[in-house]
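# Residue-level structure breakdown
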Amino acid sequence: MPSAIPSQHHKEIEENGYTVIRDFLTQEEIDQYKKLSNKLIDISRAGNWPFIRINGKQFPPWDSEDDKPDIWGVTHLMHPDFNDVGGKQYQLLYSSEKLLNIVKDILQTDEINMELLNMLINPKLENFDLSWHRDDIKNTATAEQETELLMKNAYAGCQFNLALCEDECLIVVPKSHTRPRTDEEREKLVFEEISNQLVVKLNPGDIAFYNPNILHRATYNCNKERITIHGCYGAKQLGANRARLILQHGVGDWLDKFKPISPKMEELYSNLRIMSDSFKGVKLGYSLDG
């Protein structure tokens, strides 16, 4: 009889909406991925990588008429066009046993979908703030709609921030992932402080997992270095519930060219292909506006 999947982190997210694992990376791994990430950051800031998040815009689609726009994120780290620079190393991280063991704990399943792997960085020209939001529920949702969606998508997926530098950018409202917004939270839609909010403080090598529909926002300081790997995974059985949230980023556009580096990566990739193919020709739109 197979052993039960551990549930420590699942219980922490179930209770508070997030969990933090200290010293997830060794110093050697921090140095390795920071060097690799800086290489891609330089390429992106120079205007030579098209998959970026542009300062002043919170949610996809991101496009700019500028050759070298101010950016706060670099996306599609596992894109096949990035293989020669570092995409294969990011695949190693994404498919690592120690990372997947946490994902299985949180989602309580061994069947995991590959989803997204991106990077959150500091802009260079102006500070930037993300307003309060849930990742796949619009702020116009009624309390009844919120309740239904929060229950439906509770453990369809999870996402993480893996810090390579000190990171105090993510702000959450603990326990808000299980309930509709309060009157205060409905009124404060931008950058105001909300009762019981908490700044998630990460040291280099720490990783935070959180429910994507916890109420949260973020701050980006152009004078403080930020290099944070930001990714997500889905539960295979509930993949359809994640389709819009994931496919809105364009990951389906390059799956035909993707070359997994290992059997585990092949499994994660194949599960995403199944989900992506099932929505071919369907206009899913975007989760959020802005």
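Up top you'll find the structure we're talking about.
Residues numbered from 1 in each chain as written. Predicted model: local features only at pLDDT ≥ 70, side-chain atom pairs only at ≥ 80, totals over all residues. Heavy atoms only, no water.

### Things to note about the sheet that holds strand E5 (residues 128-133)
Spatially, E5-E10-E7-E8 is the arrangement adopted by the four strands of the open sheet, whose pairing is antiparallel. Sheet topology places E5 and strand E8 (198-199) at the edges, where each strand pairs with a single neighbour. Pairing geometry for E5 and strand E10 (residues 216-220), over four bridges, is antiparallel. Within E10, the residue paired with Leu130 across the bridge is Ala218. (Pairing = 2+ DSSP bridges. Helix = DSSP H or I, 4+ residues; strand = E, 2+ residues; numbered from the N terminus.)

### Describing the sheet that holds strand E11 (residues 227-235)
Reading across from one edge, E1-E9-E6-E11-E4-E3-E2 is the order of the seven strands in this open sheet, with antiparallel pairing throughout. Looking at the sheet topology across the chains shown, the edges are occupied by strand E1 (18-21) and strand E2 (52-54). Within the sheet, the average angular offset between the axes of one strand and its neighbour, ignoring direction, is 20°. In the sheet, strand E6 (residues 157-163) pairs with E11 via seven bridges, with the strands oriented antiparallel. (Axes fitted to C-alpha atoms, helices over the stretch in contact; angles between N-to-C directions.)

### A closer look at the nonpolar core
Within the largest apolar cluster, 65 residues are counted, with the highest numbers of intra-cluster contacts made by Tyr90, Met114, Met119, Phe160, Phe209 and Ile229. No other element matches the seven residues that strand E4 (residues 112-121) contributes to this core. Sequence-distant contacts of Tyr90, that is, excluding residues within four places in its chain, are made with Tyr33, Leu36, Ser37, Leu77, Met78, Phe82, Leu117, Met119 and Ile229. (Core = buried A, V, L, I, M, F, W, Y, C linked by side-chain atoms within 4.5 Å. Buried < 20%, exposed > 50% of the residue type's maximum accessible area, 1.4 Å probe, protein only. Contact = heavy atoms within 4.5 Å.)

### What to know about the packing of aromatic side chains
Counted by the stated rule, this structure contains 13 aromatic pairs. Between the aromatic rings of Tyr94 and Tyr233, the centroid separation amounts to 4.2 Å while the plane-to-plane angle is 15°, which identifies the pairing as stacked. Of the two residues, Tyr94 sits in helix H3 (residues 83-94) while Tyr233 sits in strand E11, which places them 139 residues apart along the sequence. The exposure class of Tyr94 is buried, given its relative accessible area of 0%. (Phe/Tyr/Trp six-rings, centres within 6.5 Å; stacked < 30°, edge-to-face > 60°.)

### A short note on the packing of helix H1 (residues 8-16) against helix H4 (residues 97-107)
For any two helices packed against each other, the geometry comes down to the angle between their axes and how far apart the axes lie. Following both chains from N to C, one finds H1 and H4 inclined at 55°, their axes separated by 7 Å at the closest point. As judged from the angle between their axes, H1 and H4 are oblique. Like other packed secondary-structure pairs, H1 and H4 cross with a definite hand, here right-handed. Counted together, Gln8, His9, His10 and Ile13 of H1 and Ile102, Asp105 and Ile106 of H4 form the full contact between these two elements. When the residues that make up the contact of H1 with H4 are grouped by side-chain class, the tally is three nonpolar, three polar and one charged. (Parallel < 35°, antiparallel > 145°, perpendicular 65-115°, else oblique. Left-handed = near helix turned anticlockwise from the far one by under 90°. Nonpolar A, V, L, I, M, F, W, Y, C, P; charged D, E, K, R; others polar.)

### Describing unusual backbone geometry
Trans is the prevailing form of peptide bonds, just as negative phi is the prevailing case for residues other than glycine. In this structure, the amide linkage connecting Pro60 to the following residue, Pro61, adopts the cis form with an omega of 5°. Its location among the elements puts Pro61 in the loop between E2 and strand E3 (71-74). A positive phi angle, close to 75°, is found at Lys175, a residue other than glycine. Locating Lys175 in the fold gives a position in the loop between strand E7 (170-172) and helix H6 (183-187). Look at Lys175 and you get partly exposed, because its relative accessible area is 37%. The backbone of Asn196 shows a phi angle near 70°, a positive value even though the residue is not glycine. The topology assignment puts Asn196 in the loop between H6 and E8.

### Brief notes about the side chain of Ser44
Tracing the chain through its elements places Ser44 in helix H2 (residues 27-45). Residue class for Ser44 comes out buried when judged on its relative accessible area of 0%. Apart from the residues within four sequence positions on either side, Ser44 is in contact with Trp49, Ile52, Ile71 and Val74.

### Some thoughts on the pairing of E3
Relative to E3, E2 runs antiparallel, the two being bridged by three bridges. If you follow Arg53 over to E3, its bridge partner there is Gly73. As paired strands, E3 and E4 are joined by two bridges and run antiparallel to one another. Counted as the bridge partner of Gly73 is Leu120 from E4.

### Quick look at the pattern of salt bridges
Under the definition given, this model contains 19 salt bridges. Between Glu185 and Arg179 there is a salt bridge, with its nearest N and O atoms 2.8 Å apart. The partner of Arg273 in a salt bridge is Asp277, and the shortest N-O contact between them spans 3.7 Å. Linking Arg273 with Asp277, this pair stays in helix H8 (residues 263-277), spanning four residues, or about one helical turn. Bridged by salt links that share partners, the residues Arg134, Glu146, Arg181 and Arg186 form one connected network. (Salt bridge = Lys/Arg side-chain N within 4 Å of Asp/Glu carboxyl O.)

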